[in-house]
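Read off the chains here:
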Amino acid sequence: MAEQLGTLSRTHTCGALRVADVGHDVVLLGWAHKVRDLGSLLFIDVRDRHGHTQVIVEGDEALLEHAKRVRSEFVVAILGVVERRSADTINAGVATGDIEVRAREIRVLNEARTPPFPIAEDHAVSEETRLKYRYLDLRRPALQANIGLRHRITMALRRYFDEQGFFEIETPILTKSTPEGARDFLVPSRVHPGEFYALPQSPQIFKQILMIAGMDRYVQIARCFRDEALRADRQLEFTQVDLEMSFATPPLVFEIVEGALAACFREIGVEIPRPFRKMAYAEAIATYGSDKPDLRFGLEIKDFKPLFTESPFGIFREAVAHGGTVRGFVIPGAARYSRREVDELVDLAKQAGAAGLVWARFTADAVQSSAKALGEEAVRRVLDASRATKHDLLVLASGAPEATSRILGQLRLLVAKRENLVAQGRWELTWVTDFPLFQWNADEKRWESVNHPFTAPREEDLPLLDRDPGRALAKAYDVVLNGWELGGGSIRIHDRETQATVFRLLGLSEEDAKSRFGFFLEALEYGTPPHGGLALGLDRICALLAGESSIREVIPFPKTTQAVDLMCDAPSVVDPRQVRELHIRPTA
């Protein structure tokens, strides 16, 4: 039977006691982490989120017998005195390892069933089990450390933005459905039958309206929702650090955001160099095959198109003749690859979407290539142009320029992992700028926004909106860390005429634009200042700084990749009466 806490109050956390506390009476409250029964002597490691303290029970037979009830994960109260450990029993691996508490009273505040996995030891446990029993998983020290880091990063950001003159302002969770690139989560209205709210994919329109309202600098630790496929760096609901500034320019946004990220990194004891590197979108795609390039290793992609305009190798010659290109990169030291290893590389390229892969390398007295039709002279020419040495392997692919680079970009990442080229503990931050404003949707025969429809074009590209919108570049920017997009933003459109033009290019009729965005278009007519901002993914920042490969490791209650909450068993069927009250009828 559980005993009562009564008037007991914790004097110290389980990670706080030190040699200076020897001789003091203390009260510890927490969980039994480990219990070691040596007969006439019992040790209980008591744990809370602050650490562990060793408790010794000895001498008092009644107390010893009572303590023998305690099992792992029982909730206990310990009253005792702090003693110094003997030299041969000091545990240098924990902060409290120089002391122990000799118990005078133990209260079992609650018992516990045997957990489905050990809390005290770092055992491999399936993610399904961890998420089903998340309340137990969250007791594990590693996950508690991640949540603690998340708290410190969030507080550091709040302090930083306050110092920079930002107001923290909450925007609505129940709002209007607007197109932002992913599916909305819709909430049916009970009092307005047939009408729906949407959960925000971001506070985009509201933060722009706050600039119209003269708030000048806004920030919010915002909960956002997108009904899209889940993966290691994406959840249905997520947290972003959302900011907007009036009279903003890209350099001002860069300065503010770099300062915010520097504040985050200080929480892990790292001082990052500033300003960050800047790279145009076109360069990122051409050189790294990605708009979020991982710069911790080389393997830069190069273009060899001029070498193949009249190539005897028909695949390359035809690609060039039809507006495509030939691109590739050098894998240092890979000339040693056996034929099996080279074949594995070709398979990796096909997994990345390539129709095939051509490789070339120097041999002892000649050159060698998988494409015999290239001829020795052409192979030697491209190897020389690539600056490959006799120790290296050159890989080549052909096709449309961007598609070819993206395939090689995926292969680049796979090779870097396979060859252990990624430098651990290295932080490479960069800004990717000058994104295209639009992309063509061939299926729907219309333009789509690359970022979102409120992104401003570069001033020099404004005339292109009328005659060649596909060439217009945006005043948009992403901040990238080690191949992860940490955040993206832009300078916004701040006049109604340009905003209406963009809506029209996106296929929105005047009536549709008025229905969806009429309030916003009207607001733009009341003296809107130039403005811009960015949203940082808090979950991604925390995962990277915690050294995790999945954001689920820094989110207290994440969903599975199938969008299920295993602990709560959600989504779930609801009472038919609730459905009727909402004036909807399930079809499945």
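Our subject is the structure that appears above.
Every value quoted in this text rests on a predicted model; they were computed, and no experiment measured them.

A. A look at the overall build of the protein. The helix and strand inventory of the protein stands at 16 helices and 22 strands. Judged by the C-alpha coordinates and their principal axes, the protein covers about 95 × 75 × 50 Å. Evaluated residue by residue, the protein yields a buried proportion of 48% over its 588 residues. Only carbon and sulfur atoms are counted for the fraction: they give 51% of the accessible area of the protein, which is about 29,300 Å². Positive and negative side-chain charges of the protein, numbering 75 and 84 respectively, have mean locations separated by a distance of 2 Å.

B. Here's a closer look at the sheet that holds strand β22 (residues 531-537). Spatially, eight strands are ordered β6-β9-β10-β22-β21-β20-β17-β11 in an open sheet, and the strand pairing comes out mixed. In this open sheet, the two edge strands, each paired with only one partner strand, are β6 (167-168) and β11 (277-280). In terms of strand pairing, strand β17 (residues 429-433) meets strand β20 (residues 476-481) through five bridges, oriented antiparallel. Bridge pairing in β20 places T430 opposite V480. Running over the sheet, helix α6 (residues 250-266) touches β9 (217-225), β10 (237-246), β11, β17, β20, β21 (484-491) and β22 and is turned about 155° from β17.

C. Inspection of unusual backbone geometry at higher detail. Between R274 and the following residue, P275, the backbone shows a cis peptide bond with an omega angle of -5°. Considering the arrangement of structural elements, one finds P275 in the loop between α6 and β11. The linkage connecting A570 with the following residue, P571, adopts the cis geometry, with an omega of 5°. Of note, the phi angle at L299 is positive, near 60°, even though the residue is not glycine. Mapped onto the secondary structure, L299 falls in the loop between α7 (281-288) and β12 (302-303). By relative accessible area, L299 is classed as buried at 6%. With phi around 65°, R387 is a residue other than glycine that occupies positive phi space. Looking at the secondary structure, you find R387 in the loop between α10 (376-386) and β16 (393-399). Residue R387 is classed as exposed on the basis of its relative accessible area of 71%.

D. Fine view of the side chain of R130. Along the chain, R130 turns up in helix α2 (residues 127-132). Judged by its relative accessible area of 11%, R130 falls in the buried class. Among the polar contacts made by the side chain of R130, one reaches the side chain of E553 at a distance of 2.8 Å. Aside from chain neighbours lying at most four places away, what touches R130 is F117, V125, D137, R140, L143 and E553.

E. Layout of the sheet that holds strand β3 (residues 51-58). Spatial strand order, β1-β2-β3-β5-β4: five strands in a closed barrel with mixed pairing. Direction aside, the axes of adjacent strands within the sheet are offset by 55° on average. Bridge count for strand β1 (residues 25-37) against strand β4 (residues 75-84) is seven bridges, and the pairing is antiparallel. If you follow W31 over to β4, its bridge partner there is V75.

Cut-offs used in this document
Residues numbered from 1 in each chain as written. Predicted model: local features only at pLDDT ≥ 70, side-chain atom pairs only at ≥ 80, totals over all residues. Heavy atoms only, no water. Helix = DSSP H or I, 4+ residues; strand = E, 2+ residues; numbered from the N terminus. Buried < 20%, exposed > 50% of the residue type's maximum accessible area, 1.4 Å probe, protein only. Areas by Shrake-Rupley, 256 points an atom, 1.4 Å probe, with all protein chains shown as cover. Lys, Arg positive; Asp, Glu negative; His and termini not counted. Charge placed at Lys NZ, Arg CZ, Asp CG, Glu CD. Pairing = 2+ DSSP bridges. Contact = heavy atoms within 4.5 Å. Axes fitted to C-alpha atoms, helices over the stretch in contact; angles between N-to-C directions. Polar contact = N/O pair within 3.5 Å; in protein donor to acceptor, adjacent residues only side chain to side chain.

Geometry only, nothing functional implied.
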